[in-house]
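So you can see what is in the structure, the chains are spelled out below.
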Amino acid sequence: KHPLFAQRSHKTMVQQLPPPTQIDVIYPDCDGEPMSDNTEQFKWIVLIKENLEILFAAIVDIFVAGDLLWYPVEGHNKIRQAPDVMVAIGRPKGKRGSYKQWQEGNIAPQVVFEILSPGNRPIKMFEKLLFYQRYGVQEYYVYDPDANDLTGLVRGEDWLEPIEQMNGWVSPLLEIQFELTEETLEIYRPDGRRFLTSIELEQRAEQERLRAEDAIAQLQQEQQRYQALLARLREQGIDPELDV
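Note that the structure is a prediction, hence the values are computed from the model and not measured.

J.: What exactly am I supposed to notice about the sheet that holds strand E5 (residues 111-115) here?
T.: Note on sheets: strands pair through backbone hydrogen bonds, and any given pair is parallel or antiparallel. Here 6 strands make up an open sheet; going across it, the order is E1-E3-E5-E6-E7-E8 and the pairing mixed. Lying at the two open borders of the sheet, with one neighbouring strand each, are strand E1 (62-66) and strand E8 (160-162). Averaged over all pairs of adjacent strands, the angle between their axes in this sheet comes to 15 degrees, without regard to strand direction. The strands touched by helix H2 (residues 39-55) within the sheet are E1, strand E3 (85-89), E5 and strand E6 (139-144), with E5 carrying the most contacts at an inclination of about 155 degrees. Across the face of the sheet, helix H3 (residues 122-134) comes into contact with E5, E6, strand E7 (149-155) and E8 while running at roughly 160 degrees to E6.

Structure (structure tokens):
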């Protein structure tokens, strides 16, 4: 073949090669696992998550979530965990299908809570501990409602180290306090108010509403008595407003 023809044929073959395609990595918003195994576990997840949201409601850059998938490494959708509750300090509130760390200023959730249930296997909990250790969690709390047992770990220089005494412990980052009674765990805000369930919050709000109504009713009664007194004085020819 003529050299020029061969060169053109080679170029044609090269031009016909399809350009390389980049495969988009999909990060599912659901891992197929249930949020909780029973009502007790669900109650504690909601209690901690909702009270933390109330506590930090006025701080725009503290994000609190429950059962949200956390992807710490871009391009690796198999590296993930869904903490029962997590707190990311330095990240804005808002809707998320998952927590993709590279889209969050590369800020890892600093505080994580796990609530145990009978379905939690030791190997699964160990894998979670290794994950949280590796990807930067600063405080890790595990509560077993059935045994009323609370375990906490806080990061030292390089490792999540066990907290020797959890009863009375105050979270360095959240400033909440843990108190273990004989029957249950109680968590307190920095101002001393206890974490409340949604029913307790509703009861507290109703009590406040009734107290406000009582105060208004008492004020109205005082105003009525005052007006009655003024009327009697005027009947006697005394006008208190003019005398003043």
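J.: Sorry if this is basic, but what is going on with H2 here?
T.: Since the α-helix advances by 3.6 residues per turn, residues separated by three or four positions end up pointing in the same direction. Counted at 1.5 Å a residue, the expected span for H2 with its 17 residues is 24 Å, and the 24 Å between its end C-alpha atoms agrees. Listed in full, the buried residues belonging to H2 are Gln41, Trp44, Ile45, Leu47, Ile48, Lys49, Asn51 and Leu52. In the core, the buried residues of H2 are packed alongside E1, E3, E5, E6 and strand E10 (185-188). Its side-chain oxygen placed 3.2 Å from the backbone nitrogen of glutamate 40, asparagine 38 serves as the N-cap of H2.

J.: I'm lost on the nonpolar core in this one. Help?
T.: A general trend in soluble globular proteins is that nonpolar side chains are found buried together. Counting 24 residues, the largest nonpolar core has Leu52, Phe113, Leu174, Ile176 and Phe178 as its most contacted members. Put simply, the parts of the chain that give this core at least two residues each are H2, E1, E3, E5, E6 and E10. Looking at this core, the element that brings in the most residues is H2, giving 5 residues. If you look at the next biggest cluster of nonpolar residues, it comprises 18 residues, including Ala65, Ala88, Val137 and Leu160.

J.: How should I be thinking about the environment of asparagine 120 in this particular structure?
T.: Relative to the elements of secondary structure, asparagine 120 occurs in the loop between E5 and H3. A sequence separation of 83 residues divides asparagine 120 from aspartate 37, and the C-alpha atoms of the two residues are 9.1 Å apart. Look past the residues within four positions of asparagine 120 in its chain and what remains in contact with it is Gln41, Ile115 and Met125. From its side chain, asparagine 120 meets the backbone nitrogen of serine 117 in a polar contact 2.6 Å long.

J.: Whenever I open this one, a nonpolar patch on the surface confuses me. Can you help?
T.: Together, Ile123, Phe126 and Leu130 make up a nonpolar patch on the protein surface, roughly 290 Å² of accessible area in all. By the secondary structure assignment, phenylalanine 126 is in helix H3.

J.: Whenever I open this one, the pairing of strand E9 (residues 177-180) confuses me. Can you help?
T.: A regular strand places its side chains on the two faces of the sheet in alternate fashion. Alignment of E9 against E10, held across 4 bridges, turns out to be antiparallel. Across the sheet, the residue bridging to glutamate 179 is glutamate 186, located in E10. Remark: 4 residues form the turn of the hairpin made by E9 and E10, two consecutive strands paired antiparallel.

J.: Would you take a moment to explain the environment of proline 92 for this structure?
T.: Locating proline 92 in the fold gives a position in the loop between E3 and strand E4 (99-100). Sequence-wise, proline 92 and valine 60 are 32 residues apart; in three dimensions their C-alpha atoms are separated by 5.7 Å. Not counting the four nearest positions on each side in its chain, proline 92 is found in contact with Val60, Asp61 and Phe63.

J.: Can you walk me through the environment of isoleucine 79 in this structure?
T.: By the secondary structure assignment, isoleucine 79 is in the loop between strand E2 (70-71) and E3. Exposure remark for isoleucine 79: the relative accessible area of 25% places this residue in the partly exposed category. Spatially, the C-alpha atoms of isoleucine 79 and phenylalanine 131 are 8.7 Å apart, while their sequence positions differ by 52 residues. Look past the residues within four positions of isoleucine 79 in its chain and what remains in contact with it is Trp70, Tyr71, Pro72, Val73, Phe131 and Tyr135.

So, how was this worked out
- Residues numbered from 1 in each chain as written.
- Predicted model: local features only at pLDDT ≥ 70, side-chain atom pairs only at ≥ 80, totals over all residues.
- Heavy atoms only, no water.
- Pairing = 2+ DSSP bridges.
- Helix = DSSP H or I, 4+ residues; strand = E, 2+ residues; numbered from the N terminus.
- Axes fitted to C-alpha atoms, helices over the stretch in contact; angles between N-to-C directions.
- Contact = heavy atoms within 4.5 Å.
- Expected span 1.5 Å × (residues − 1).
- Buried < 20%, exposed > 50% of the residue type's maximum accessible area, 1.4 Å probe, protein only.
- Polar contact = N/O pair within 3.5 Å; in protein donor to acceptor, adjacent residues only side chain to side chain.
- Core = buried A, V, L, I, M, F, W, Y, C linked by side-chain atoms within 4.5 Å.
- Patch = residues over 30% accessible without salt bridge, like charges linked within 9 Å, V, L, I, M, F, W, Y side chains within 5 Å.
- Areas by Shrake-Rupley, 256 points an atom, 1.4 Å probe, with all protein chains shown as cover.
- Salt bridge = Lys/Arg side-chain N within 4 Å of Asp/Glu carboxyl O.

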